[in-house]
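Structural overview for review
If you want the building blocks of each chain, they are given just below.
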Amino acid sequence: MASVEEQMSVLMRGVEYGDANIQRTMEEDLRERLSAGRPLRVYCGFDPTFTGLTLGNMVPMLKLRQFQRFGHDVTFLMGTMTAVIGDPSDKSSARQMLTPEVVESNTQSWLDQAFRVLDPEKTKVERNGEWLAPLTLQEVVQIASNFTVAQFLEHETFRKRISESKPLYIHEFIYALMQAYDALNLKTDVQVGGTDQLFNIMAGRHLQRALGEQALIAVCTPLLIGTDGNLKMSKSVGNSINLDLSPAEMYGKLMSIPDTLILNYYTLLTEVPTEELQRIEHGLEDRSLNPMETKKRLAHSVVALLNDVAAADEAQEAFENVFQKRQQPVDTAQELPVEPGEIDITLLLSQQGIVASRGEARRLLQQGGIALDEVKVTDPKVELKEGAILRIGPHRFYRIVAAD
């Protein structure tokens, strides 16, 4: 196993707590736990409330991968019970509760994506419904007795809802209790999660300590900013890079991020050594590094990690041909089967899943982000001909082919 300091340099890279005292405590606790020289029990929970994952969902998975590569025991926890309730964190209103059947149908999609990042042979998969569903009411009350209402009212989301006179439901308190019990049941040393999960993770730390167990260490990763450079990556906002994109599409999307996000994406989405990260940071600051070339290396690294080096090489070559050599992407454009003729382009893009919604397609149209054979589309009604090249945004290309 690598030295404690080497592990600390990697495992605490990019973490964020929003509180210097919490960060200092977590660093001290992790260093002490690593010094024991045994593999740590590490987990991250994911609620399968949807199926379309983005690079933002990948950030905590990459942190798990780092623990895994240092020889620690990693558990990928599917929140098959917590997803039924829904995490209230950062929500202005209560989530709609899902059925267990819907949650279970989403689970396999998450696992398929996770194993593009994690080693399936070294990853333990658990479903928290296996231990949460059998709990009796008496056991739930016993768990709840370790917390006060005042502790829950410290939750920023809950405070905001109360100040705005918005409903706050009892079952939303139960979510944190359930996640705390996950940590207790898994005998967790380290829990990984986004910064929006800090309250829930700390609830697990509190419950372990209250019951005489060694308190877990929170390792919190920032929420990835989307391609707009402002808001958290989200499919609903339309600023996401989805994991199911082709290598060429993903490469192109990564090339579209603002230069201000380059270092952040390197930190959270690649395994570039810390020393190299520092060189990139300084190079971007003093302009000794070309942002375009630095971004190309970033895009290649991410695509290679999720696919392979050959796919990343092909994606980079396609990008260079189109945007640096100005070649028309006839051969590299993804085929889009449609019935030739007049069609509403906003409806087509939403139905084909190219954009998240028809509203997003309309925004792209208004912003000049749709072109047909490099002629900007201004009217939603367009005439599609077989062989035409449809460009969506700056980097996604589709070749029209006749539907069967």
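Look up: the structure comes first, before these words.
What counts and what doesn't
- Residues numbered from 1 in each chain as written.
- Predicted model: local features only at pLDDT ≥ 70, side-chain atom pairs only at ≥ 80, totals over all residues.
- Heavy atoms only, no water.
- Helix = DSSP H or I, 4+ residues; strand = E, 2+ residues; numbered from the N terminus.
- Rg over C-alpha atoms; globule rule 2.2 N^0.38 Å.
- Contact = heavy atoms within 4.5 Å.
- Areas by Shrake-Rupley, 256 points an atom, 1.4 Å probe, with all protein chains shown as cover.
- Lys, Arg positive; Asp, Glu negative; His and termini not counted.
- Charge placed at Lys NZ, Arg CZ, Asp CG, Glu CD.
- Expected span 1.5 Å × (residues − 1).
- Core = buried A, V, L, I, M, F, W, Y, C linked by side-chain atoms within 4.5 Å.
- Buried < 20%, exposed > 50% of the residue type's maximum accessible area, 1.4 Å probe, protein only.
- Salt bridge = Lys/Arg side-chain N within 4 Å of Asp/Glu carboxyl O.
- Pairing = 2+ DSSP bridges.
- Axes fitted to C-alpha atoms, helices over the stretch in contact; angles between N-to-C directions.
- Phe/Tyr/Trp six-rings, centres within 6.5 Å; stacked < 30°, edge-to-face > 60°.

Quick look at the overall build of the chain now. Within the chain one finds 18 helices and twelve strands. In terms of C-alpha radius of gyration, the chain reaches 23 Å, essentially the compact-globule figure of 22 Å for 404 residues. Viewed in the frame of its principal axes, the chain has a C-alpha envelope of about 70 × 45 × 40 Å. Put simply, of all contacts in the chain between residues at least 6 apart along the chain, 69% involve residues at least 24 apart. If you sum the accessible surface of the chain, you get close to 19,200 Å²; carbon and sulfur atoms cover 49% of it. Across the chain, 41 positive and 56 negative side-chain charges occur, with their mean positions spaced 3 Å apart.

Right, let's get into helix H3 (residues 55–69). Taking 1.5 Å of rise per residue, the 15 residues of H3 would be expected to cover 21 Å, and the 20 Å separating its terminal C-alpha atoms lies within 8% of that figure. The positive-phi residue at the C-terminal boundary of H3 is Gly-71, with phi of around 90°.

Take the nonpolar core next. Counting residues in each nonpolar core, the largest one holds 89 residues, and the members touching the most others are Leu-55, Met-250 and Tyr-265. The element best represented in this core is helix H10 (residues 170–185), accounting for nine residues. Met-250 has contacts with Leu-55, Ile-241, Asn-242, Leu-243, Leu-245, Val-302, Val-303 and Leu-306, leaving out every residue within four places of it along the chain. Ranked by size, the runner-up nonpolar core spans 20 residues in total, among them Ala-361, Val-377, Leu-390 and Ile-400.

With that out of the way, let us pick up the pattern of salt bridges. The full count for this structure, using the stated rule, is 18 salt bridges. Here Asp-189 and Arg-33 are joined by a salt bridge, their closest N and O atoms 2.9 Å apart. Of the two residues, Asp-189 sits in the loop between H10 and strand E4 (190–194) while Arg-33 sits in helix H2 (residues 20–35), which places them 156 residues apart along the sequence. Take Arg-33: its relative accessible area is 8%, and that puts it in the buried class. Ionic pairing is found between Arg-279 and Glu-276, a salt bridge with its closest N-O pair at 2.6 Å.

Its location among the elements puts Gln-179 in helix H10. Given a relative accessible area of 7%, Gln-179 falls into the buried group. Those residues in contact with Gln-179 that lie beyond four places of it in its chain are Tyr-43, Gln-191, Gln-197, Asn-200 and Ile-201.

Okay, the sheet that holds strand E11 (residues 389–392) next. Where strands meet in a sheet, backbone hydrogen bonds hold them as pairs that are either parallel or antiparallel. If you trace the five strands from one edge of the open sheet to the other, you get E6-E12-E11-E8-E9, paired in mixed fashion. A strand with exactly one partner marks an edge of an open sheet, and here the two such strands are strand E6 (334–338) and strand E9 (375–376). Sheet analysis places strand E8 (residues 370–372) next to E11, joined by three bridges and oriented antiparallel. Among the inter-strand pairings, Ile-370 is bridged to a residue of E11, identified as Ile-392.

Another point: the sheet that holds strand E2 (residues 73–78). One open sheet accounts for five strands, arranged E3-E2-E1-E4-E5; its pairing is parallel. Whereas interior strands pair on both sides, the edge strands pair on one side only; in this sheet they are strand E3 (123–127) and strand E5 (217–221). Going across the sheet, the axis of each strand differs from the next one's by a mean of 25°, ignoring polarity. By the bridge criterion, six bridges tie strand E1 (residues 41–46) to E2 in an arrangement that is parallel. Note on E2: the bridge partner recorded for Gly-45 is Leu-77. Here H3 sits on the sheet and contacts E1, E2, E3, E4 and E5; the angle it forms with E1, its principal contact strand, is near 165°. Packing of helix H11 (residues 198–210) onto the sheet brings it into contact with E4 and E5, and relative to E5 it is tilted by some 170°.

Glancing now at the packing of aromatic side chains. Tallied over the entire structure, the rule returns eight aromatic pairs. Arranged with centres 5.6 Å apart and planes meeting at 40°, the rings of Phe-46 and Trp-110 form a pair that is tilted. Of this pair, Phe-46 sits in strand E1 while Trp-110 sits in helix H5 (residues 100–114), and the two are 64 residues apart along the sequence. A relative accessible area of 3% places Trp-110 in the buried class. Aromatic pair Phe-158 and Phe-173: ring centres 5.2 Å apart, planes at 45°, arrangement tilted. One end of the pair, Phe-158, is in helix H9 (residues 156–163); the other, Phe-173, is in helix H10, and 15 residues separate them in sequence.

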